[in-house]
Number of protein chains: 2
Amino acid sequence: MAPAVAYAPAGSSFIPELILTDTTVSPATVANPYFLDCDTGIDDSLALAYLLASEKVNLVGIGTVAGNTSAEQGARNSLDLLALVGRSEVPVAVGATGPQSGEFDGGVPHIHGDNGVGNVELPVSSLRPVAEPAAEMLVRLAHEYAGELRIVAIGPLTNIAAALRLEPRLPRLVKELTLMGGAAMVPGNISEVAEANVGNDADAASEVFAADWFITMVPLDVTLTNTFEESDRDALLASGRPMPQTLGRILDLYYDFYIATYGRRACALHDPLAAAIAVGDIPLRVAPVVNVMVDATDGPGRGQTICDLRGYLNGYPQQPGAHCRVVLELEENFAPTLLAQLLRA
Amino acid sequence: MAPAVAYAPAGSSFIPELILTDTTVSPATVANPYFLDCDTGIDDSLALAYLLASEKVNLVGIGTVAGNTSAEQGARNSLDLLALVGRSEVPVAVGATGPQSGEFDGGVPHIHGDNGVGNVELPVSSLRPVAEPAAEMLVRLAHEYAGELRIVAIGPLTNIAAALRLEPRLPRLVKELTLMGGAAMVPGNISEVAEANVGNDADAASEVFAADWFITMVPLDVTLTNTFEESDRDALLASGRPMPQTLGRILDLYYDFYIATYGRRACALHDPLAAAIAVGDIPLRVAPVVNVMVDATDGPGRGQTICDLRGYLNGYPQQPGAHCRVVLELEENFAPTLLAQLLRA
């Protein structure tokens, strides 16, 4: 019999020790606990709103990481968005302020604005981040909700890799990891082959993909081909509700950036698609479970998610030991589902 | 004014010195000269037959390189195929017996047979390779047919890289280089990301792609999705002509190998498609001119052709300095064109 895991009760304020014991303990009482790791971020804001609006999700913690913007700014944005919908009970923990090696590049203000949310000034709430660092919070929650916690990771994987080092048993404690990142059969977006979340901390990503847990990878293959258009933004702005109206406003800058990609004002739905897939709202048409590794060399392939998709002409035969589901095609366009959810947010 | 290039007349038996001069000299008299660099090989045999059957092609030389089989065996196969159709005038030069660094791996007998041509015994001709090494022959022919010579490279690029080192001005002397190799938006076939011709000598390929000439790259994206089926093989076998009948026989083993890829007996049309595109017989639907480099690191991406296809959602905007056309889609299925040509061979 595998030893059960004892953990501090949900809501306790200290970081519990992991105690291996034969005592069977009852699981935490909150159903469907989710941990969101993010770099908020315009599309992160959509993902956060999506999760907050879902009846299937109990968001028990948020960690932030340097990526689209700084970890501190990402936390500020997350808190202000939580406050906008009266969800002050969700704790936000600041995480890694830069990648495992090298320096944080300052984010991408031309995409996400100087403040990460499209230069829109959110109403500043009195909420503050918790003192606990994001990786420690994740480890604690993984124990509290052992076997139940789902991670949705939509920024660089620095915090997740740090949590793996803090608690090597994390893969056994966590139910599932869904991440927005990588590019499988399409080009990257920060290099010819590297997608931003993976490429901005290839070392961390390499560790996360190598760990023995079930990963659902939501890559550019599907996040770039599912878009919000002007009509979607108009619907958000016309909603009369604080969250969708705010999201509509912050999307403005993002739409400008994507003119270079699509030839029109629109945007990719990177992070919210990962959130929706993590919740199980999106039927997947093609999503083979295959071996994936990250190129962590200093060569031209650095940051690439190398997925073994050589079975693509033959139904992707099973690969022993593979534990990463790579989402390559959805059953339907994601935008209507997303819009409906955000209008409820 | 750029200096003209003087060269020895076509058919001269010595290796000319390149002489830079302002004297304008008349081009060699043979129209449409082609040099084929190959590792014959089953699909190489189809490519050779394709070129021999074309009225638009004057095959002025063949070089062989270690790849599907040894360079020596590739030369033997090429000579025996030439003899089969009475084309003994085409000189065959043995080239590199292994990659620039490392050792030749012995080829792929499970794909191409122990002898490179599907274990079919070709009638052994009395033809012999020329004494000149393949790279030197290529440099000589590039001078003889300055500005006119087209290279079709369907094996590892070891000979082509060697010729570049022998004659750094080769890119200015050659009209065009068409190569079968690489994988752009699809997986590789010898690793997750590396295609065999490029991956079997990534160092050589890296030099060839970096040189300043116009390259047409015919990657797995199109060579794997264009196939010969049993009906095509039956038609070759029923032709009553030595070359197509022989090709039909050697395809037998190749069809077996591809069951793992397609779930049926069939074969990819790698090398003959590159030959047909080099001749200009195949209209291309999607073939952007983009920057391409080869991953020559020792990491997991080694041998990948890293193509900058980030403009794929927006019509591939022009990239200054790009000189590689990457064939991603054809206007029509290649098999009927190939079959008709081979039945004439």
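1. With respect to the overall build of chain A
- If you tally the helices and strands in chain A, you get 14 helices and 16 strands.
- Considering only C-alpha atoms, chain A reaches an extent of 60 × 50 × 40 Å along its principal axes.
- Across chain A, every contact between residues at least 6 apart in sequence was considered, and the portion connecting residues at least 24 apart equals 81%.

2. Looking at the relation of the copies chain B and chain A
- Overlay of chain B on chain A (RMSD 0.0 Å): rotation 180°, translation along the axis 0.0 Å. Expressed as an axis order, the relation between the two copies is that of a two-fold axis. Scanning chain B for the C-alpha nearest the rotation axis identifies Met185 of chain B, at a separation of 2.6 Å.
- Mapped onto chain A, 100% of the interface residues of chain B are again interface residues, and the two copies thus contact each other with one and the same surface.

3. As for the interface of chain B and chain A
- On the side of chain A, 25 residues touch chain B, which itself brings 25 residues to the contact.
- Elements supplying a minimum of two residues to the side of chain B that touches chain A: α12 (259–262) and β14 (305–307) of chain B.
- By residue class, the composition of the side of chain B that touches chain A is 13 nonpolar, eight polar and four charged.

4. Comments concerning the sheet that holds strand β5 (residues 92–94) of chain A
Residues and elements named next belong to chain A.
- In spatial order, the strands read β5-β4-β3-β6-β7-β8-β15-β12; together these eight strands make up an open sheet with mixed pairing. Both outer strands of the open sheet, β5 and β12 (289–290), are each paired with one neighbouring strand and no more.
- In terms of strand pairing, strand β8 (residues 215–218) meets strand β15 (residues 324–326) through three bridges, oriented parallel. Paired with Ile215 across the strands is Cys324, a residue of β15.
- Across the sheet, helix α1 (residues 42–53) lies against β3 (33–38) and β4 (58–64), angled at about 170° from β3, the strand it touches most.

5. Some thoughts on the environment of Gly147 of chain A
Residue and element names in this part refer to chain A.
- Within the element layout of this structure, Gly147 appears in the loop between α4 (134–144) and β6 (150–153).
- Judged by local crowding, Gly147 falls into the partly exposed class, with 13 C-beta atoms found within 10 Å.
- Along the backbone, Gly147 and Arg249 are 102 residues apart, and their C-alpha atoms lie at a distance of 38 Å.

6. A few points about the packing of α1 of chain A against helix α2 (residues 71–84) of chain A
Residues and elements named next belong to chain A.
- Two elements in contact, α1 and α2, have axes separated by 11 Å at closest approach and are oriented at 40°. In this view, α1 runs oblique relative to α2, as classed from their interaxial angle. In this structure, α1 meets α2 at a crossing whose hand is right-handed. Every residue of α2 that contacts α1 at Ser45, Leu48 and Ala49 is listed here: Asn77, Ser78 and Leu81.
- Split by residue class, the contact of α1 with α2 holds three nonpolar, three polar and no charged.

7. Overview of the confidence of the model for chain A
Residues and elements named next belong to chain A.
- On average, residues of chain A score 93 in pLDDT, and 92% of them are at 70 or above.
- Low pLDDT, under 50, characterises residues 1–25; the stretch is placed with 33 contacts to residues that sit more than four places away or in other chains.
- Of the two predicted TM-score estimates for the complex, the pTM is 0.90 and the ipTM is 0.88.

8. Focus: the sheet that holds strand β5 (residues 92–94) of chain B
All names here are of chain B.
- The strand order across the open sheet formed by eight strands is β5-β4-β3-β6-β7-β8-β15-β12, and the pairing between neighbours is mixed. Of all strands in the sheet, those bounded by a partner on one side alone are β5 and β12 (289–290).
- Here two bridges tie β12 to strand β15 (residues 324–326), and the two strands are oriented antiparallel to one another. Residue pairing in the sheet places Val290 in a bridge with Cys324 of β15.
- Where helix α4 (residues 134–144) meets the sheet, it contacts β3 (33–38), β4 (58–64) and β5, and its direction lies at approximately 155° from that of β4.

9. A few points about the pairing of strand β7 (residues 176–180) of chain B
Residues and elements named next belong to chain B.
- Extensive coverage of β7 is indicated by the burial of four of its five residues.
- Examined bridge by bridge, strand β6 (residues 150–153) and β7 share four bridges and lie parallel to one another. Its bridge partner lying in β7, Val152 is registered against Thr178.
- Bridge count for β7 against strand β8 (residues 215–218) is four bridges, and the pairing is parallel. The residue bridging Thr178 from the neighbouring strand is Thr216, located in β8.

10. With respect to helix α14 (residues 335–344) of chain B
All names here are of chain B.
- Among all positions of α14, only Leu338, Gln341 and Leu342 are buried. Summarising the axial view, the buried residues of α14 lie within an arc of 95°, below the 170-degree limit, and thus occupy one face. Turned more than 90 degrees away from the buried face of α14 sit Pro336 and Ala340, all of them exposed.
- Buried residues belonging to α14 abut α1 (42–52), α10 (230–237), α11 (242–257) and α13 (270–279).

11. Some words on helix α10 (residues 230–237) of chain A
All names here are of chain A.
- By the burial criterion, the buried members of α10 are Asp232, Arg233 and Leu236. Viewed end-on, α10 has its buried residues packed into an arc of 95°, placing them on one side of the element. In α10, the exposed positions that point more than 90 degrees away from the buried face belong to Glu230, Ser231 and Asp234.
- Among the structural elements, β9 (227–228), α11 (242–257) and α14 (335–344) are those in contact with the buried residues of α10.

12. A few points about unusual backbone geometry
- Cis geometry marks the peptide bond from Thr40 of chain A to Gly41 of chain A, where omega comes out at -10°.
- A positive phi angle, close to 50°, is found at Tyr316 of chain A, a residue other than glycine.
- Residue position: Tyr316 of chain A is located in the loop between β14 (305–307) and β15.
- Positive phi values are uncommon outside glycine, yet Asn32 of chain B reaches one of about 50°.
- Summarising the element assignment, Asn32 of chain B is placed in the loop between β2 (19–21) and β3.

Basis of the calculations
Numbering of residues starts from 1 in every chain and runs along the sequence as written. Just so you know, chain letters begin at A and ligand numbers begin at 1, following the order they were written in. Only residues with pLDDT of at least 70 get local features here, since the model is predicted, and only at 80 or more are side-chain atom pairs given and counted; chain-wide, interface and lining totals rely on the full set of residues. Secondary structure elements are taken from DSSP: a helix is a run of H or I of four residues or more, a strand is a run of E of two residues or more, and numbering for both begins at the N terminus. Two residues qualify as being in contact provided that their C-beta atoms, derived from the backbone, are within 7 Å of each other. To line up the copies, we fit them by least squares on C-alpha atoms, keeping just the residues with pLDDT of at least 70 in both. All amino acids are sorted into three groups, where Ala, Val, Leu, Ile, Met, Phe, Trp, Tyr, Cys and Pro are nonpolar, Asp, Glu, Lys and Arg are charged, and the leftover types, Gly among them, are polar. Strand pairing follows a simple DSSP-based rule, namely that at least 2 bridges must link the two strands. To get an axis, fit a line to the C-alpha atoms, keeping to the stretch in contact for a helix; angles then go from 0 to 180 degrees between the N-to-C directions. Here exposure depends only on C-beta density: within 10 Å of a residue's C-beta, 20 or more other C-beta atoms make it buried, 12 or fewer make it exposed, and intermediate numbers make it partly exposed, the C-beta atoms being placed from the backbone. Each angle gets one of four labels, with under 35 degrees taken as roughly parallel, over 145 as roughly antiparallel, 65 to 115 as roughly perpendicular, and the rest as oblique. By convention, the crossing between two helices is left-handed when the near helix turns anticlockwise from the far helix through less than a right angle, and right-handed when the turn is clockwise. Confidence per residue, as judged by the predictor, is encoded in pLDDT with a range of 0 to 100. Our arc is simply the arc of the directions from the helix axis toward the C-beta atoms.

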